[in-house]
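# Summary of structural features
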Amino acid sequence: MSHVRYIDKTREYYQSEGYAAPYRWAHFDDVPFTRLARPLAECRVGLVTTSEMVIRGREDELAHVENDPTRPGYSLPMETPTKELVSRKASYDKYATTLDDVDAYLPLTHLRRLVEERRIAGLAPRFQVVHSQYSQRRTLTVDAPRVLAELHEDRVDVAVLTAV
Amino acid sequence: MPTVMFGCARDIVEHCGVPRFVFTDFPLGNPTGRPFDPGSQRHILDLGLHLLESARGPRTTVQSPYEWSTDTTWKAKVLTREQPFLDGADKEKWLARKAADKALKGTGKP
């Protein structure tokens, strides 16, 4: 069976709910492309995710993010043990699957192993959390510049992005 | 900066356009493998690393070989009245944020 047509399904669903104008999904005619500048074994890898991770037991520290309508992004230490991380993401297919295994959407365990195996040179000291924004304007003007600035600051060579 | 995206919504990511995309035909939420299945997780990540090395231009998609289940009814149920994506308090939050976005639009604030 072919993959789910989320764009069509979203349009049909919200039309049936009475919304007149369909959501305009992000689209770019020109897509940038950057080749690896050096072998992966010499690359430091960054990680960016929409999985809305928080550190278990320290959710209160991010309460201001939850309550801020502009949904600011944030970063967490890459060395946080996987078992201490939990996702607050609400918009996933909760009928079919779970977010109980962090490595199914934020592959920290496997990235650490890749460093041990010297497949990659290392990991950034932090990973970036970006909310799935309704506002593409905010994604472009606030989130993306912040993430890129942090990746540069951390001297990251390649970035792994997980869309949850 | 070279990037590779892992995702489960092929149409949305390809409509947007990204440099490199590893698509896994799983329910939204598990773009880097089946929960509690380290084998599929490692394999999908390896596909992404290989794509970083091998892609020659933007919009390069690789599909991982995994199927969620032989029973594909989960696909038909996505975003239906029986299984809305957001409901209850989550839907209220989303609507509040959407309204806040609309209010901010045109004010010059991001």
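Rules used throughout
Residues numbered from 1 in each chain as written. Chains lettered and ligands numbered in written order. Predicted model: local features only at pLDDT ≥ 70, side-chain atom pairs only at ≥ 80, totals over all residues. Pairing = 2+ DSSP bridges. Helix = DSSP H or I, 4+ residues; strand = E, 2+ residues; numbered from the N terminus. Buried ≥ 20, exposed ≤ 12 C-beta atoms within 10 Å, placed from the backbone. Domains from an automatic or database assignment. Contact = placed C-beta atoms within 7 Å. Nonpolar A, V, L, I, M, F, W, Y, C, P; charged D, E, K, R; others polar.

Right, let's get into the pairing of strand E6 (residues 126–129) of chain A. Residues and elements named next belong to chain A. Sheet topology places strand E1 (residues 44–49) next to E6; 2 bridges connect them, and they run parallel. Note on E6: the bridge partner recorded for Val48 is Gln128. Sheet topology places strand E3 (residues 74–77) next to E6; 4 bridges connect them, and they run antiparallel. Paired with Tyr74 across the bridge in E6 is Val129.

The next thing to look at is unusual backbone geometry. Backbone phi values are negative for most residues with the exception of glycine, while trans is the configuration of most peptide bonds. Located in the positive-phi region is Arg118(A), a residue other than glycine, with phi close to 60 degrees. The class of Arg118(A) is exposed, set by 11 C-beta atoms lying within 10 Å. You will see that Phe36(B), though not glycine, has its phi angle at about 60 degrees, which is positive. Mapping Phe36(B) onto the fold places it in the loop between strand E2 (20–25) and helix H2 (38–54).

The next thing to look at is the domain arrangement of chain B. Structurally, chain B comprises domain 1 (5–69) and domain 2 (79–110). Computed over C-alpha atoms, the centres of domain 1 of chain B and domain 2 of chain B are 28 Å apart.

It is worth spelling out the interface of chain B and chain A at this point. Taken together, the 55 residues of chain B in the interface contact 53 residues of chain A. Mapped by element, the contributors of at least two residues to the side of chain B that touches chain A are strand E1 (3–7), helix H1 (10–16), H2, helix H3 (73–77) and helix H4 (88–104) of chain B. Split into classes, the residues belonging to the side of chain B that touches chain A amount to 29 nonpolar, 13 polar and 13 charged. Examined bridge by bridge, strand E7 (residues 158–162) of chain A and E1(B) share 4 bridges and lie parallel to one another. Bridge assignment links Val160(A) to a residue of E1(B), and that residue is Val4(B).

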